[in-house]
Amino acid sequence: MIGFRTNPDPDIRLAIASCSALRGHPEGMKALMELMEDESDEVRDWATFGLGEWDRIDDGIPHYADSPEIRAAFYKRLGDAYEDARREAIWGLSRRKDPLGLKLLIQLMESEDCWTGDEMAAAETLNTESDTPVEELCLRLRLLLPGSALSIT
């Protein structure tokens, strides 16, 4: 299937980008990063989602795959014209406790344009319940920022 990532049909590339089985393939991460550069908004969005969700589980706690290359792929999507792909990039960076991703997520959550996905990403980042109030999520996200003057008691 990975060979179809360059197919001229955007629907086929979308099917590859949204295929969860890709995450188990040794070339899957590279394929998703390539698809994050696709001309199709939906393909970029789904590829960014797929990379954002790429994780391993240790002792029941999710640990998201992280590397300079993964973060660079997300940083590029922060300037995407398609808002869904931008949000997926922010959520992916936040899950990896990236300071820029955390700051952008807090800004989204405090704006009038907050999406349910913003709250879900914050809860996943903090490994907490999804029904945690937005104000508490923002406070706890701020504690993850370098140089935070707040302390956990």
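Refer to the preceding data block for the structure.
Residues numbered from 1 in each chain as written. Predicted model: local features only at pLDDT ≥ 70, side-chain atom pairs only at ≥ 80, totals over all residues. Heavy atoms only, no water.

It is worth spelling out the packing of helix H3 (residues 41–52) against helix H4 (residues 68–77) at this point. Each pair of packed helices can be described by the angle between their axes along with the distance between the axes. The N-to-C vectors of H3 and H4 enclose an angle of 145°; their axes lie 11 Å apart at closest approach. For H3 against H4, the interelement crossing comes out left-handed. Between H3, through Arg44, Thr48, Leu51 and Gly52, and H4, the contact on the second element is made entirely by Ile70, Ala73, Phe74 and Arg77. A class-by-class count of the residues in the contact of H3 with H4 yields four nonpolar, two polar and two charged. (Axes fitted to C-alpha atoms, helices over the stretch in contact; angles between N-to-C directions. Helix = DSSP H or I, 4+ residues; strand = E, 2+ residues; numbered from the N terminus. Left-handed = near helix turned anticlockwise from the far one by under 90°. Contact = heavy atoms within 4.5 Å. Nonpolar A, V, L, I, M, F, W, Y, C, P; charged D, E, K, R; others polar.)

Residues other than glycine seldom take positive phi values, yet Lys97 does so here, at roughly 60°. Looking at the secondary structure, you find Lys97 in the loop between helix H5 (83–95) and helix H6 (99–110). Residue Asn127 is not a glycine yet carries a positive backbone phi of 55°. Examined against the element boundaries, Asn127 turns out to sit in the loop between helix H7 (116–126) and helix H8 (134–143).

Another point: the packing of aromatic side chains. This model, assessed by the stated rule, comprises two aromatic pairs. On the basis of an interplanar angle of 75° and a centroid distance of 5.4 Å, the ring pair of Trp46 and Phe49 is categorised as edge-to-face. Of the two residues, Trp46 and Phe49 are both situated in helix H3; the distance of three residues between them amounts to about one turn of the helix. The interplanar angle of 70° and the centroid separation of 6.4 Å between the aromatic rings of Trp91 and Trp115 together place this pair among those described as edge-to-face. Taken together, the positions of Trp91 in helix H5 and Trp115 in the loop between H6 and H7 put the pair 24 residues apart, joining distant regions of the chain. Over the ring of Tyr64 we find Arg95; its NZ or CZ atom is 5.8 Å from the centre of that ring. (Phe/Tyr/Trp six-rings, centres within 6.5 Å; stacked < 30°, edge-to-face > 60°. Lys NZ or Arg CZ within 6 Å of the ring centre and 35° of its normal.)

Okay, the packing of H4 against H5 next. Contact pair H4 / H5: the axes reach a minimum separation of 8 Å and the direction vectors enclose 145°. Crossing angle aside, the handedness with which H4 passes H5 is left-handed. In this structure, H4 contributes Arg71, Phe74, Tyr75 and Arg77 to the contact, and H5 contributes Ala85, Arg86, Glu88, Ala89, Gly92 and Leu93. Grouping the amino acids of the contact of H4 with H5 by side-chain chemistry returns five nonpolar, one polar and four charged.

Let us look at the environment of Trp115. Taking relative accessible area as the criterion, Trp115 reaches 25% and is therefore assigned partly exposed. Between the C-alpha atom of Trp115 and that of Met29, which follows or precedes it by 86 residues, the distance is 27 Å. Every residue in contact with Trp115, bar those within four places of it in the chain, is listed here: Glu83, Asp84, Arg87 and Trp91. (Buried < 20%, exposed > 50% of the residue type's maximum accessible area, 1.4 Å probe, protein only.)

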